[in-house]
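Commentary on secondary and tertiary structure
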Amino acid sequence: MKMTNQKSFVVSTPFLLLLLLTLTLEKASDAFQISYSNTISTTTTTTAITTKSSHKTFVTPLYAQGFGKKPTDQAPKQSMELPTNDDNNGNNHQDVASSSDPLASMSDERKANLFQALLRDLQIEGTPVLGCDANAVHTMSAALWTTMAEVSENDEASKVCLVMEDIPIGAMRAFVEDFTVLKTQERLMEYLPELSRLSVSLLGKGVGPALIVEAGPRTEQELVEKHERVAACGDGDTQHFDEGKCTMALKSFIDRIVVHEQACPYTKSIDIAAVGLEARGVPPGPVGYRFSDASDACAAVGVFWNCVCELLAKPQEEISTVMLSLPAVGPGTSGQSLSRFAAVVELISRNLCLFRGDDVFGLVHFHPAYDRMAIHPITKPAYGHLPPRSWLRAMLKMNGNEKEAQELSDEDLALSDYQRKAPFTAINILRVNQLNAASGAKSIVDLEVAEGVTEKASGITTYSRNAIRLANVGKEALQAGLEGDIAMMQS
């Protein structure tokens, strides 16, 4: 972080800073930095942070640095949206006095003074205060989730302040509110237990551009959960996933299903994507295989955002798409493993969509026990997943496959899930312009999924073709192929 601002503080920090010094941000290092300078003495480590003038307006353009050109009505968006301090109706909350918001009537100078006082209080109590030069959605998210992962990994009570001066407080507030709501949703939290001890809040209720990430000490039950989660990935407290073997197994799956069975007509090899779309303005490029053996949900989300940073920082000719391997997320093929996978990838999808990142990227989720009938919601679209299985017959009919729609059994149609049955949890991160070029301008149609019930659907031709081909391959061959892929990573 550039040390060019007007006011600086030296913050005394406890042992947690030593943990934070290990932040693994290499892939996003060109996009953002968490700054600190440490002087080790016999008792303390010190961190220097700098805060900007109170007169700065914390607003980032929608087409912020790293997001390409300003989006137009004719082209897909190349950026994710950072909320400003305005609400959806364009009303600036800072200009509206409210008895329920003590900050509303404060002057900028008073807010700045209060912000500095709160930072001094954190210094006195020994809380690490980290300055981060993130200036857009992807860099903010990568920094925040990576910091949360470090806090989550620590079994003791811990607290960190993350200062992001170039991020509008409205964006921080949106994250805080969504994370708070998430923790009330029992359907997800049952399979994201490590999040229950975490809290994220605005410093001083938003008086300045800083977030507090805090965790209570792990309870005995939470320690058991962590031990079991890690133990499921290896022996005892040690995780055993070899990146080379996992990548080889994933490539085998892609070659077998995506290339050989033509699940994606524009993927002709395991190493090059977007082949045949040049006439539509999309050049082919290498597939980036990325890997993390983290089992913690926050760490998985942080790695995902680092991959997004990489995609936004490089042209398509250099990296077309990313296949992210997360073998420690929901390992195995049990129902519990599938539920854990579904919760983590829903968390990732939810966080991407929070700032309309689905206008920039598409996601495709994979798991060895993939079952569309176990993905919420069962009868409605779920971001990153196959269409509801109950839609397949309607899709076949719309695609002109009347015979198959009548003759294929429910068991035959269930084999469609094998296009998502990779040897472990994986996420394909795709650029939206590739999806738009591949599907065409009229890919979204009205599909009658039941008598009198019409839903918006896309990918009719691809999903229909895949359902027919996989049914013809048969369950025995498909399952044998999957087991062979799994064996590669375990050998």
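1. Details of the overall build of the protein chain
Across its full length, the protein chain carries 15 helices and 16 strands. Across the 491 residues that make up the protein chain, the buried fraction comes to 51%.

2. Concerning the sheet that holds strand 11 (residues 285-291)
What the five strands build is an open sheet, ordered 10-11-12-14-13; its pairing is mixed. With one partner strand each, in any of the chains shown, strand 10 (272-273) and strand 13 (361-366) form the two edges of the open sheet. Bridge count for strand 13 against strand 14 (residues 426-431) is six bridges, and the pairing is antiparallel. In the strand pairing of strand 14, Phe366 is matched with Ala426. Across the sheet, helix 9 (residues 335-354) touches strand 13 and strand 14, and the angle it forms with strand 13 is around 180 degrees.

3. Points about the environment of Glu411
For Glu411, the location among the structural elements is in helix 12 (residues 410-414). You can call Glu411 exposed: its relative accessible area is 59%. Separated by 64 residues in the primary sequence, Glu411 and Lys475 have C-alpha atoms spaced 9.1 Å apart.

4. A word on the pattern of salt bridges
The final tally for this structure, using the stated rule, is 18 salt bridges. When the shortest N-O distance is used, the salt bridge between Lys159 and Glu125 registers 3.0 Å. Placement of Lys159 in strand 5 (residues 158-163) and of Glu125 in helix 2 (residues 108-125) is noted, with a sequence separation of 34 residues between them. Classification of Lys159 as partly exposed rests on a relative accessible area of 24%. For Glu194, the salt bridge goes to Arg340, with nearest N and O atoms at 2.6 Å. In this pair, Glu194 is assigned in the loop between helix 5 (186-189) and strand 6 (198-202) and Arg340 in helix 9, connecting sequence segments 146 residues apart. We classify Glu194 as buried; its relative accessible area is 2%.

5. Here's the deal with the packing of aromatic side chains
Here the structure, examined in full by the defined rule, presents six aromatic pairs. With a centroid separation of 5.6 Å and an interplanar angle of 75 degrees, the aromatic rings of Trp145 and Phe175 are classed as edge-to-face. On the criterion of sequence distance, the pair formed by Trp145 in helix 3 (residues 137-153) and Phe175 in helix 4 (residues 169-182) is long-range, its members being 30 residues apart. In terms of burial, Trp145 and Phe175 fall into one category: buried. With 6.3 Å between their ring centres and 70 degrees between their planes, Trp145 and Phe179 make a pair best called edge-to-face. Of this pair, Trp145 sits in helix 3 while Phe179 sits in helix 4, and the two are 34 residues apart along the sequence. Here the two residues Trp145 and Phe179 agree in accessibility, since each one is buried. In this structure, Arg420 packs its charged tip against the face of Phe366, placed 5.9 Å from the ring centre.

6. Remarks on helix 2
The terminal C-alpha atoms of helix 2, which comprises 18 residues, lie 26 Å apart, in line with the 26 Å expected from a rise of 1.5 Å per residue. If you check which residues of helix 2 are buried, you get Lys111, Ala112, Phe115, Gln116, Leu119 and Leu122. An end-on view of helix 2 places all buried positions within 135 degrees of arc, on one side of the element. Summarising the geometry of helix 2, the exposed residues directed more than 90 degrees from the buried face are Glu109, Arg110 and Ile124. Backbone geometry just after helix 2 places Gly126 at a positive phi near 85 degrees.

7. Side note on the pairing of strand 11
Moving residue by residue along a regular strand, the side chains alternate between the two faces of the sheet. Among the seven residues that make up strand 11, six are buried, leaving the element largely enclosed by the rest of the structure. Where strand 10 meets strand 11, two bridges bridge the pair, whose relative direction is antiparallel. By the bridge assignment, Ile272 is partnered in strand 11 with Pro286. Across five bridges, the pairing between strand 11 and strand 12 (residues 321-325) is parallel. Residue Gly288 lies in a different strand from strand 12, and its bridge partner there is Val322. Where the polypeptide runs from strand 11 across helix 8 (residues 297-313) and back to strand 12, its parallel neighbour, the crossover connection is right-handed.

8. What to know about the environment of Asn351
Considering the arrangement of structural elements, one finds Asn351 in helix 9. Contacts of Asn351, omitting those with residues within four sequence positions, involve Ser141, Trp145, Phe175, Val301 and Trp305. Polar contacts involving the side chain of Asn351 include one to the side chain of Trp145, which spans 2.9 Å.

9. What about helix 3?
With 17 residues, helix 3 ought to run about 24 Å at 1.5 Å a step, and its terminal C-alpha atoms sit 24 Å apart, in line with that. For helix 3, the buried fraction is high: 16 of the 17 residues fall into the buried class.

10. Comments concerning unusual backbone geometry
Glycine aside, residues mostly have negative phi angles, and peptide bonds mostly take the trans form. For the bond running from His376 to Pro377, omega is -10 degrees, close enough to zero to count as cis. By secondary structure assignment, the location of Pro377 is in the loop between strand 13 and helix 10 (392-398). A positive phi angle is found at Gln262, which is not glycine, with a value near 55 degrees. Within the secondary structure, Gln262 is located in the loop between helix 7 (243-260) and strand 10.

11. What about the packing of helix 4 against helix 9?
Following both chains from N to C, one finds helix 4 and helix 9 inclined at 150 degrees, their axes separated by 11 Å at the closest point. As far as their axial angle goes, helix 9 and helix 4 are roughly antiparallel. As helix 4 packs across helix 9, the resulting crossing turns out to be right-handed. Residues Ala174, Phe175, Asp178, Val181 and Leu182 of helix 4 touch helix 9, and the partners they reach there are Leu347, Arg350, Asn351 and Leu354. Residues of the contact of helix 4 with helix 9, tallied by class, amount to six nonpolar, one polar and two charged.

12. Focus: the packing of helix 3 against helix 8
Closest axis-to-axis distance for the helix 3/helix 8 pair is 8 Å, and the angle between their directions is 155 degrees. By the angle between their directions, the pair helix 3 and helix 8 is classed as roughly antiparallel. For helix 3 against helix 8, the interelement crossing comes out left-handed. When helix 3 is examined against helix 8, the residues Val137, His138, Thr139, Ser141, Ala142, Trp145, Thr146, Met148 and Ala149 are found in contact with a partner set consisting of Cys298, Ala299, Val301, Gly302, Trp305, Asn306, Val308, Cys309 and Leu312. Here the contact of helix 3 with helix 8 is composed, by residue class, of twelve nonpolar, six polar and no charged.

What counts as what
- Residues numbered from 1 in each chain as written.
- Predicted model: local features only at pLDDT ≥ 70, side-chain atom pairs only at ≥ 80, totals over all residues.
- Heavy atoms only, no water.
- Helix = DSSP H or I, 4+ residues; strand = E, 2+ residues; numbered from the N terminus.
- Buried < 20%, exposed > 50% of the residue type's maximum accessible area, 1.4 Å probe, protein only.
- Pairing = 2+ DSSP bridges.
- Contact = heavy atoms within 4.5 Å.
- Axes fitted to C-alpha atoms, helices over the stretch in contact; angles between N-to-C directions.
- Salt bridge = Lys/Arg side-chain N within 4 Å of Asp/Glu carboxyl O.
- Phe/Tyr/Trp six-rings, centres within 6.5 Å; stacked < 30°, edge-to-face > 60°.
- Lys NZ or Arg CZ within 6 Å of the ring centre and 35° of its normal.
- Expected span 1.5 Å × (residues − 1).
- Arc of directions from axis to C-beta.
- Right-handed = clockwise from strand over helix to strand, strands pointing away.
- Polar contact = N/O pair within 3.5 Å; in protein donor to acceptor, adjacent residues only side chain to side chain.
- Parallel < 35°, antiparallel > 145°, perpendicular 65-115°, else oblique.
- Left-handed = near helix turned anticlockwise from the far one by under 90°.
- Nonpolar A, V, L, I, M, F, W, Y, C, P; charged D, E, K, R; others polar.

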